Amino acid sequence: MKKILLLIVCLITLVTGNIYAQEVVTDPVTSFVIDLGSFTGLVAVVSAIVTQIAKLIPAISANKLAKIGVSVSVGIIVCVLAWLLQLTPLLDGYVWWQVLIYGAAAGLSGCGFYDVIKAIGALFKPQEDV
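Residues numbered from 1 in each chain as written. Predicted model: local features only at pLDDT ≥ 70, side-chain atom pairs only at ≥ 80, totals over all residues. Heavy atoms only, no water.

Novice: Any chance you could explain the nonpolar core here in plain terms?
Specialist: Core analysis: the biggest nonpolar cluster contains 16 residues, and Leu42, Val74, Val78 and Cys79 have the highest contact counts within it. Within the residue set of this core, elements represented by two or more residues are helix H2 (39-56), helix H4 (64-84) and helix H5 (96-111). The residues touching leucine 42, leaving out its near neighbours within four places in the chain, are Asp35, Leu36, Val78, Cys79, Leu90 and Tyr102. (Core = buried A, V, L, I, M, F, W, Y, C linked by side-chain atoms within 4.5 Å. Buried < 20%, exposed > 50% of the residue type's maximum accessible area, 1.4 Å probe, protein only. Helix = DSSP H or I, 4+ residues; strand = E, 2+ residues; numbered from the N terminus. Contact = heavy atoms within 4.5 Å.)

The structure is reproduced here in structure tokens:
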């Protein structure tokens, strides 16, 4: 019975792999593509940049509020640059302050809303004297 189940799982894996396999198209001009056409793409870029900044400056990783601040500022900078350079149709038709709000939301999403709420909640928690 175990051999039959293993065979079925292997066959399903083989068929699923062939169905979802995709031909890789390489363009000699561009080898690295960033999809800024969606909010998820912006959040991914912000998260990647903040991760690299945190590797360069270890003090940011130690302080959660500093990491949130860096994440929000990077989100704003990325969104403003994408808006000014017209890199994404996502931000077309927005006014500058709407782009700032969108960047702040992308930055907060990049560092995680749970971390933001947890760090802000820790500010209002009474400190225990040890």
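Novice: So what exactly am I meant to see when it comes to H2 here?
Specialist: Every α-helix winds through 3.6 residues per turn, so residues three or four apart in the chain are directed the same way. Here H2 spans 26 Å end to end across 18 residues, near enough to the 26 Å set by a 1.5 Å rise per residue. Of the residues making up H2, those classed as buried are Gly41, Leu42, Val43, Val45, Val46, Val50 and Ala54. Where H2 is buried, its residues contact helix H3 (58-62), H4 and H5. (Expected span 1.5 Å × (residues − 1).)

Novice: Explanation requested: the environment of glycine 107 in the structure shown.
Specialist: Mapping glycine 107 onto the fold places it in helix H5. Overall, glycine 107 belongs to the buried group, its relative accessible area being 0%. Between the alpha carbons of glycine 107 and leucine 42 there is a distance of 8.8 Å; along the sequence they are 65 residues apart. Sequence-distant contacts of glycine 107, that is, excluding residues within four places in its chain, are made with Val46, Ser71, Val72 and Gly75.

Novice: Help me understand H5, please; the structure alone is not making it clear to me.
Specialist: The end-to-end C-alpha separation of H5 is 23 Å, in line with the 22 Å expected for 16 residues at 1.5 Å each. Restricting attention to buried positions, one finds in H5 the residues Val99, Tyr102, Gly103, Ala106, Gly107 and Cys111. Buried residues of H5, viewed axially, fall in a sector of 165°; they line one side. Just downstream of H5 lies glycine 112, where phi reads positive at about 95°. (Arc of directions from axis to C-beta.)

Novice: What is the right way to read the packing of aromatic side chains from this model?
Specialist: To describe a pair of aromatic rings, one takes the distance between the centres and the angle between the planes. Here the structure, examined in full by the defined rule, presents two aromatic pairs. Summarising the aromatic geometry, the rings of phenylalanine 39 and tyrosine 102 are spaced 5.5 Å apart at their centres and angled 90° between planes, so their arrangement reads as edge-to-face. Of this pair, phenylalanine 39 sits in helix H2 while tyrosine 102 sits in helix H5, placing them 63 residues apart in sequence. Of the residues examined, phenylalanine 39 reaches a relative accessible area of 30% and is grouped as partly exposed. Ring geometry for tyrosine 94 versus tyrosine 102: centroids 5.9 Å apart, planes at 50°, classification tilted. (Phe/Tyr/Trp six-rings, centres within 6.5 Å; stacked < 30°, edge-to-face > 60°.)

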